[in-house]
Amino acid sequence: MESHPVDPPDIPASTRMWRAYGDAHPQSVRASPEYTVEHFGDSQRLANSLLQLVIAGKKRATSELVADFVARGDQVPRIGSHWIACDGSGTPRIVIRSIELRIGSFWSADESFAAAEGEDDLSLQSWRREHRRYWMRVSAAQGRDWSEEDEIVFERFAVVWPPETSDSTS
């Protein structure tokens, strides 16, 4: 199956989404006024698939290599920070707020976190198998080797916008 790269995010549409969220939740935006615009995964298909899990309420966690944040020039998220998640075509779909973060190695993931990621059969075994493949692929594409000792950002989040897909808290 051919893998199409993710399209760049639609920044004007993302800005409009952020303003709509800010109009509805000014206290949240005042507390954390900056946000990033991102997507899940490294292909259109994966970005769309993972985003659908989030929208359906099945995915409430994600993990990413610290090296990937550094490579993009982004800061590692902090609790309370927001990001706009785009689909594979770059269209902003939801606003996410980080509610729990930690940095650890591959082996520090546990069953609870694997289940919260909402992927495959929700097991730690499948989490390890699929994330090992993913990080090896992404790291190789960036010209570096991946190691199970590399630092990983383990993030739990809440969907805070739009209202019809939001968790109960904002």
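Residues numbered from 1 in each chain as written. Predicted model: local features only at pLDDT ≥ 70, side-chain atom pairs only at ≥ 80, totals over all residues. Heavy atoms only, no water.

## Examining the pattern of salt bridges
When the charged atoms of two side chains lie near each other, side chains of opposite charge can form a pair. Summed over all chains, the structure comprises 14 salt bridges. A salt bridge links Arg129 to Asp120; the nearest nitrogen and oxygen atoms lie 2.7 Å apart. Among the residues examined, Asp120 registers a relative accessible area of 54% and is labelled exposed. The salt bridge involving Glu130 is made with Arg129; its shortest N-O contact spans 3.0 Å. We classify Glu130 as partly exposed; its relative accessible area is 30%. (Salt bridge = Lys/Arg side-chain N within 4 Å of Asp/Glu carboxyl O. Buried < 20%, exposed > 50% of the residue type's maximum accessible area, 1.4 Å probe, protein only.)

## Concerning the nonpolar core
Formed by 15 residues in total, the largest nonpolar core has its most connected members in Phe106, Trp127, Trp135, Ile152 and Phe154. Looking at this core, the elements with two or more residues in it are strand S2 (61–65), helix H5 (111–117), helix H6 (124–141) and strand S5 (152–161). Top contributing element to this core by residue count: H6, with five residues. If near-sequence neighbours (up to four positions away) are discounted, Trp127 is found in contact with Ser63, Phe106, Ala109, Phe113, Ala114, Glu117, Trp135 and Phe154. Counting ten residues, the second-largest nonpolar core is a separate cluster that includes Phe40, Leu50, Ala85 and Ile94. (Core = buried A, V, L, I, M, F, W, Y, C linked by side-chain atoms within 4.5 Å. Helix = DSSP H or I, 4+ residues; strand = E, 2+ residues; numbered from the N terminus. Contact = heavy atoms within 4.5 Å.)

## Side note on H6
With 18 residues, H6 should reach 26 Å at 1.5 Å per residue; the first-to-last C-alpha distance of 25 Å fits that figure. When we look at burial in H6, the residues that qualify are Leu124, Ser126, Trp127, His131, Tyr134, Trp135, Val138 and Ser139. Around the axis of H6, the buried residues are gathered within 165 degrees of arc, so they sit on the same side. Turned more than 90 degrees away from the buried face of H6 sit Gln125 and Ala140, all of them exposed. Lining the buried residues of H6 we find helix H3 (44–55), S2, helix H4 (66–72), H5 and S5. (Expected span 1.5 Å × (residues − 1). Arc of directions from axis to C-beta.)

## What about the pairing of S5?
Across the ten residues of S5, ten count as buried, placing the element largely inside the fold. Here five bridges tie S2 to S5, and the two strands are oriented antiparallel to one another. Looking at S5, one finds that Thr62 is bridged to Glu155. Summarising the sheet, strand S4 (residues 92–104) and S5 pair through nine bridges and their orientation is antiparallel. (Pairing = 2+ DSSP bridges.)

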